[in-house]
Amino acid sequence: MFGLFKKQKSELKRAVIFVDYEHWYISFDKFYNKKPDIKAFREELSKSYDIIDISFFADFSNPSLRTEISRIREVTGSIIETQNSSSHFKKDFTDFIMLDHIYQAALMRSDIDTFIIFSGDGHFSSVVSFLKTKCRKEVGVYGVKDAISGSLRGAADWTVEVTGEDQSLRQYGYLILKNIKSVQEKHGGKSRARITFWATVEAVSKTYEVDRDEIAEVLRSMLEKGYLNQYYVRSGSKKIKVISINWALCQKDGLWHD
């Protein structure tokens, strides 16, 4: 997670990002039945790096992937089609095209401090080692959890595992916090608001037309991670369990912004 206070752009390391979108999209569909949150990915990295370029690579002749082009264009115009038109199918064609672009950037761009590669394939271990040892660059790897090669993980300076649960947390966590903030303001302050687990689930689900089970799952995750806390208060002759929010931690980890 990144700090609360964002650095000025001139203070950030300059980074280029190469995304194997086949790895991200297919793995997310297989493990989590979700689509990647492309905007959140770029926004998170932009807090720590001055992103010079971000490129997405995939065989977009695949009908499912082709529908993703419009979403990718919301964050970058650098979309590399890797369809192999040869009559002889060449396995891992996307990897080879990505490798070519990475080596070109390494040899032609001396102003880059950090290379970030989103893939899980061990084919990238050699280029990661090249970037680190020969070019003296920082190299980070993003990949879908349980789909990252051990050799790739070992070669990088750092690795981030992306999961569907984390994506849901970022996607729906803000909506949950927005609802809670609204309830607090409606009742004249947080000390007077009685915010409960299931009332929040129902309100967020209804307001934003999201499956209630998914909202409940994210709420539980927020409790486990310390973004929310539960405690009992007396209401008449009964005790009810209410929710409080660690706003500072939510802001620090990028789940909330005023």
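Residues numbered from 1 in each chain as written. Predicted model: local features only at pLDDT ≥ 70, side-chain atom pairs only at ≥ 80, totals over all residues. Heavy atoms only, no water.

### What to know about the nonpolar core
In this structure, V19, Y21, W24, F41 and F56 are the most contacted members of the largest nonpolar core, which totals 26 residues. Mapped by element, the contributors of at least two residues to this core are strand 1 (13–20), helix 1 (21–32), helix 2 (38–46), strand 2 (49–58), helix 4 (69–72), strand 4 (114–118) and strand 5 (138–144). Not counting residues up to four positions away in its chain, the partners in contact with W24 are V19, P36, D37, I38, F41, F56, F118, V144 and V162. Within the second largest apolar cluster, 25 residues are counted, among which are I176, I180, A193 and F197. (Core = buried A, V, L, I, M, F, W, Y, C linked by side-chain atoms within 4.5 Å. Buried < 20%, exposed > 50% of the residue type's maximum accessible area, 1.4 Å probe, protein only. Helix = DSSP H or I, 4+ residues; strand = E, 2+ residues; numbered from the N terminus. Contact = heavy atoms within 4.5 Å.)

### So, unusual backbone geometry
At R136, a residue that is not glycine, the phi angle is positive and equals roughly 60 degrees. Exposure remark for R136: the relative accessible area of 69% places this residue in the exposed category. Positive phi is not limited to glycine here, since D146 has a value of about 70 degrees. Inspection of the secondary structure assignment puts D146 in the loop between strand 5 and helix 7 (150–155).

### Some points on the packing of aromatic side chains
Scanning all chains against the criterion turns up 19 aromatic pairs. Centroid distance Y174 to W256: 5.2 Å. Interplanar angle 25 degrees. Geometry classified as stacked. With Y174 in helix 8 (residues 164–186) and W256 in the segment after helix 11 (247–252), this pair connects stretches of sequence that are 82 residues apart. Relative accessible area serves as the criterion here: at 9%, W256 is assigned to the buried category. Between the aromatic rings of F197 and W198, the centroid separation amounts to 5.0 Å while the plane-to-plane angle is 70 degrees, which identifies the pairing as edge-to-face. Taken together, Y21, W24, Y25, F28, F31, Y32, F41, Y49, F56, F118, Y142 and W158 form an aromatic cluster joined through their ring pairs. Here the basic side chain of K181 rests over the ring of W247, its NZ or CZ set 5.0 Å away from the ring centre. (Phe/Tyr/Trp six-rings, centres within 6.5 Å; stacked < 30°, edge-to-face > 60°. Lys NZ or Arg CZ within 6 Å of the ring centre and 35° of its normal.)

### Here's the deal with the side chain of T200
Note on placement: T200 falls in helix 9 (residues 197–208). Leaving out residues up to four positions away in the same chain, T200 has contacts with I176, N179, I180, I195 and L219.

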